Amino acid sequence: MTDASRRLVSGWLFALCFMLLGMIAIGGVTRLTGSGLSIMDWQPVSGMIPPLSHAEWERLFALYQTIPQYHLQHEGFGLAGFQKIFWAEWIHRFWGRLMGLTLLLPLLWFTLRGMITRALAVRLFVFFILGGLQGAIGWFMVASGFRPDSTAVEPVRLVLHLSAALILYAAILWTAFSIRWPTPETTQQPPDTRIVRALAFCATGLLCVTILAGGFTAGTHAGFLFNSFPLMDGHLIPTDYAQLSPFWLNWFVNKAAVQFDHRLLATLTALTIGAVLLVGLRTRGLGRRAQNSLILLGWAVLIQYALGVTTLLLVVPVWAGAVHQTFAAVLLGVMLFVLHSLRRA
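The rules behind each value
- Residues numbered from 1 in each chain as written.
- Predicted model: local features only at pLDDT ≥ 70, side-chain atom pairs only at ≥ 80, totals over all residues.
- Heavy atoms only, no water.
- Helix = DSSP H or I, 4+ residues; strand = E, 2+ residues; numbered from the N terminus.
- Contact = heavy atoms within 4.5 Å.
- Areas by Shrake-Rupley, 256 points an atom, 1.4 Å probe, with all protein chains shown as cover.
- Lys, Arg positive; Asp, Glu negative; His and termini not counted.
- Charge placed at Lys NZ, Arg CZ, Asp CG, Glu CD.
- Axes fitted to C-alpha atoms, helices over the stretch in contact; angles between N-to-C directions.
- Parallel < 35°, antiparallel > 145°, perpendicular 65-115°, else oblique.
- Nonpolar A, V, L, I, M, F, W, Y, C, P; charged D, E, K, R; others polar.
- Expected span 1.5 Å × (residues − 1).
- Buried < 20%, exposed > 50% of the residue type's maximum accessible area, 1.4 Å probe, protein only.
- Salt bridge = Lys/Arg side-chain N within 4 Å of Asp/Glu carboxyl O.
- Phe/Tyr/Trp six-rings, centres within 6.5 Å; stacked < 30°, edge-to-face > 60°.
- Left-handed = near helix turned anticlockwise from the far one by under 90°.
- Core = buried A, V, L, I, M, F, W, Y, C linked by side-chain atoms within 4.5 Å.

A. Region of the structure containing the overall build of the protein chain. What the protein chain contains, in helices and strands, is 10 helices and zero strands. Helices and strands appear in the protein chain in the N-to-C order α-α-α-α-α-α-α-α-α-α. Along the first, second and third principal axes, the C-alpha atoms of the protein chain reach 70 × 60 × 30 Å. For the protein chain, the proportion of contacts with a sequence separation of at least 24, taken over those separated by at least 6, is 77%. Accessible surface, the protein chain as shown: approximately 17,100 Å² in total, 70% of it carbon and sulfur. Separation between the mean location of the 23 positive side-chain charges and that of the 13 negative ones in the protein chain comes to 18 Å.

Set out below in structure tokens:
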């Protein structure tokens, strides 16, 4: 690939990652507003067209009135209220379809023009298939909310949907990094680089687990309880942490345990990133890109931790919850940038 092709293709992939961040943000809004169950059918192609007549709106509203969420939360809010939550979910699905076209059409053009290698074209086409699979996982998640006495999707399916999105985001972002910077900045890395790299891998693992714990916090609505920090109802560890049996069930169902685990993991992640910065910024010879990535990581973790505390203290307003969820993906992206900058020659 020529330098011009590398800049063009990597810029396209960075734009796709930005769209994925938008998708995560919109998904947070649909979850927090209860909009995700407003569309009762899954139409991958025709679903791109919104309702165009009053009769179609009435038909969709009648379908929504058959599920438990309407009777338990929204009964009597009328067609206007339904339209409000419908548009949030429709935009979420439309954005996903738009991302698919944004990936597929330039991919075909780059391939036909010979601007990318065959191996890269195959990898990017696999990403397109994974994107379609993500849509199916999304419907699998939504369908769990149609069950009797259910007003929201199952937390496990929510975490699965979020995890699939983050895996696709990380894969595309790492590919973009590798196209833009195909070789390490320095070939002779100082000995301490191995320590920095090991700490960065540990921080990345902790961050991923923290995000999954955040998914369970969102799915169980645990963030609406214990809205103080750092104590939970006057205790460092909530008194009813281990109220379920078997014990491991508390990690996924018990709201007190779910929120505490998310707090603890977030703090451990921040401390580990602090160790990365302490060692990395004192190591000479890493290269300018690696040093800049570490500084960016420091700011990103401070912002994300502050967003988490703010979201908790404000009892999870829609804007704060959506921004906190989205910035978790931003922090993951910065962490990947650090790892890519520290990779071996």
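B. View of the packing of helix 2 (residues 54-64) against helix 4 (residues 78-112). Where helix 2 contacts helix 4, the axes come no closer than 10 Å and their chain directions differ by 85°. Comparing the axis directions of helix 2 and helix 4 gives the class roughly perpendicular. Between helix 2 and helix 4, the contacting residues are His54, Trp57, Glu58, Leu60, Phe61 and Tyr64 on the first element and Gly78, Leu79, Phe82, Gln83, Ile85, Phe86 and Trp87 on the second. Its residues assigned to classes, the contact of helix 2 with helix 4 comprises nine nonpolar, three polar and one charged.

C. Looking closely at helix 5 (residues 118-143). The terminal C-alpha atoms of helix 5, which comprises 26 residues, lie 38 Å apart, in line with the 38 Å expected from a rise of 1.5 Å per residue. Residues Leu120, Ala121, Leu124, Phe127, Gln134, Ile137, Gly138, Met141 and Val142 constitute the buried set of helix 5.

D. Representation of the pattern of salt bridges within the structure. Using the criterion set out here, one finds four salt bridges in the structure. Between arginine 157 and glutamate 154 there is a salt bridge, with its nearest N and O atoms 3.4 Å apart. Residue classification places arginine 157 among the buried positions, given a relative accessible area of 13%. Counted as one network, the salt bridges with shared partners bring together Arg147, Glu154 and Arg157.

E. Layout of the environment of glycine 76. Mapped onto the elements, glycine 76 comes out in the loop between helix 3 (68-74) and helix 4. A residue is classified by how much of its surface remains accessible, and glycine 76, at 66% relative accessible area, is exposed. Glycine 76 sits 25 residues away from leucine 101 along the chain, and the two C-alpha atoms are 38 Å apart.

F. Focus on the packing of aromatic side chains. For the coordinates displayed, the defined rule picks out 28 aromatic pairs. For the ring pair tyrosine 241 and phenylalanine 260, a centre distance of 5.6 Å and an interplane angle of 90° mean the geometry is edge-to-face. In this pair, tyrosine 241 sits in the loop between helix 7 (193-219) and helix 8 (255-280) while phenylalanine 260 sits in helix 8, placing the two residues 19 residues apart along the sequence. Taking the relative accessible area as the measure of exposure, tyrosine 241 reaches 15% and is therefore buried.

G. Spatial organisation of the packing of helix 4 against helix 5. Between helix 4 and helix 5, the shortest axis-to-axis distance is 10 Å and the interhelical angle comes to 165°. It follows from the interaxial angle that helix 4 and helix 5 lie roughly antiparallel. Relative to helix 5, the crossing made by helix 4 is left-handed. For the pair helix 4 and helix 5, contact is made by Arg93, Gly100, Leu103, Leu104, Leu107 and Thr111 and by Ala121, Leu124, Phe125, Phe127, Phe128, Trp139 and Val142, respectively. Of the residues in the contact of helix 4 with helix 5, the class split is 10 nonpolar, two polar and one charged.

H. Main features of the nonpolar core. Counting residues in hydrophobic clusters, the biggest one holds 57 residues, and the most contacted among them are Trp12, Leu13 and Leu297. Elements that contribute at least two residues to this core include exactly helix 1 (3-32), helix 4, helix 5, helix 6 (155-180), helix 7, helix 8, helix 9 (288-313) and helix 10 (318-341). For this core, the element with the most residues is helix 10, which contributes 11 residues. If near-sequence neighbours (up to four positions away) are discounted, tryptophan 12 is found in contact with Thr102, Leu103, Pro106, Leu107, Phe110 and Leu124. Core analysis: the second largest hydrophobic core is formed by 19 residues, Ile39, Phe61, Tyr64 and Val142 among them.

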